[in-house]
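Residues per chain are reported as follows:
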Amino acid sequence: EDGKSFVRNLAKVGMALDLSHTGHKTCEDILDLVEGEGLNLPIFVSHTGSISVYPHNRNLTTSILHRVGKLGGVVGLFCITFLLDGEDNSTTPFLEHLQDFRKVVGVDKVVIGSDTPATIFEIDKWKSDTEMMKAKLDPKGLMKIRWPDYIPEFVHPKQMEIIYEAIKSKSGEEVATKVCGENALRFLKRI
């Protein structure tokens with residue numbers, strides 16, 4: 001009941017709710033409450049992947065993604081290798097998740113939620129930082145953290161430009177423009 005009260009209060013004060021680090025059951029419960037009570041609460045997912053593309057518990061189900069889109073929310077796609085695919089560190093899994101998001105929520109509801117630094121790493125430091133994160137956050141190996149933890153092509157100060165070009169080459173300029181800025185701007189203006 002405290003959780004329900006919290007969600008209702010978010011709606012009352014005009015907040016938005018990010019479901020990114022919420023478990024699947026909690027997501028479903030929140031969506032049931034928002035839909036069931038007709039709460040005026042903007043729901044979004046700032047960064048995730050599709051469990052139907054890669055079955056990782058950090059990714060969301062088709063049902064949850066669809067419901068977020070149906071409520072007018074946006075879904076952000078991250079660029080974290082071990083959450084997008086079990087082995088492939090290239091842009092291919094990222095583009096596969098993007099394609100699934102477009103199918104499930106529609107191209108106007110997909111945004112970039114990279115969760116990736118826009119910088120250039122010194123390789124040895126990057127590797128040691130990843131190992132440190134793995135030791136702290138995933139000592140039992142359940143999350144399957146590995147290096148490189150970010151898509152290497154996207155780790156750059158011009159990250160969004162590189163992501164834009166990757167999407168444009170696969171899906172065209174209109175899709176790249178929407179996903180890399182227009183959709184997020186429209187959602188943020190709404191809230």
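Quick note: structure is the one above.
First, a word on what this report is: a plain description of the structure on this page.

Cut-off values and rules
Residues numbered from 1 in each chain as written. Predicted model: local features only at pLDDT ≥ 70, side-chain atom pairs only at ≥ 80, totals over all residues. Heavy atoms only, no water. Phe/Tyr/Trp six-rings, centres within 6.5 Å; stacked < 30°, edge-to-face > 60°. Helix = DSSP H or I, 4+ residues; strand = E, 2+ residues; numbered from the N terminus. Buried < 20%, exposed > 50% of the residue type's maximum accessible area, 1.4 Å probe, protein only. Pairing = 2+ DSSP bridges. Contact = heavy atoms within 4.5 Å. Axes fitted to C-alpha atoms, helices over the stretch in contact; angles between N-to-C directions. Expected span 1.5 Å × (residues − 1). Bend = angle between axes of the 7 residues up to and from the residue. Right-handed = clockwise from strand over helix to strand, strands pointing away. Parallel < 35°, antiparallel > 145°, perpendicular 65-115°, else oblique. Left-handed = near helix turned anticlockwise from the far one by under 90°. Nonpolar A, V, L, I, M, F, W, Y, C, P; charged D, E, K, R; others polar.

**With respect to the packing of aromatic side chains**
The description of an aromatic ring pair uses the distance of the two centres, along with the angle that the planes make with each other. Within this structure, the stated rule accounts for six aromatic pairs. A centroid spacing of 6.4 Å and a plane angle of 20° characterise the contact between F121 and Y150, whose relative ring orientation is stacked. Of the two residues, F121 sits in the loop between β4 (110-112) and α6 (123-137) while Y150 sits in the loop between α6 and α7 (159-171), which places them 29 residues apart along the sequence. The partly exposed category is assigned to F121, whose relative accessible area is 26%.

**A few points about the sheet that holds β4**
Spatial strand order, β1-β2-β3-β4: four strands in an open sheet with parallel pairing. Each having just a single partner strand, β1 (17-18) and β4 make up the two edges of the open sheet. Note that strand β3 (residues 75-77) and β4 share three bridges and pair parallel. Of the residues in β4, the one forming a bridge with L77 is I112. Across the face of the sheet, helix α3 (residues 62-70) comes into contact with β2 (43-48) and β3 while running at roughly 135° to β2.

**Considerations on the side chain of S114**
Inspection of the secondary structure puts S114 in the loop between β4 and α6. Those residues in contact with S114 that sit more than four places away from it in its chain are L77, F78, C79, I80 and Q159.

**What to know about helix α8 (residues 173-190)**
When the terminal C-alpha atoms of α8 are compared, their 24 Å separation across 18 residues agrees well with the 26 Å that a helix rising 1.5 Å per residue should span. The largest bend along α8 reaches roughly 50° and is located at V179. Residues V175, A176, K178, V179, C180, N183 and F187 constitute the buried set of α8. Contacts from the buried residues of α8 go to β2, α5 (91-105), β4 and α7.

**Description of the pairing of β2**
The two faces of a sheet get side chains in turn, since along a regular strand they alternate between them. By the criterion of burial, β2 is predominantly enclosed, with five of the six residues buried. Looking at chain direction, β1 and β2 are connected through two bridges and run parallel. Bridging across to β2, L17 finds its partner in I43. Handedness of the crossover joining β1 and β2 through helix α2 (residues 24-37) is recorded here as right-handed. Where β2 meets β3, two bridges bridge the pair, whose relative direction is parallel. Looking across to β3, one finds that V45 is bridged to V75. Considered for its hand, the β-α-β crossover made up of β2, α3 and β3 is right-handed.

**Details of the packing of α5 against α7**
Running from N to C, α5 and α7 point in directions that differ by 65°, and their axes come no closer than 11 Å. On the basis of the axis angle, α5 is roughly perpendicular to α7. Note that α5 runs across α7; the crossing there is right-handed. Residue-level contacts link F94, L95, L98, Q99 and R102 of α5 to I163, A166, I167, K170 and S171 of α7. Taken together, the residues of the contact of α5 with α7 sort by class into six nonpolar, two polar and two charged.

**Here's the deal with the environment of T130**
Considering the arrangement of structural elements, one finds T130 in helix α6. The class of T130 is buried, set by a relative accessible area of 2%.

Function cannot be inferred from these measures alone, as they are strictly geometric.
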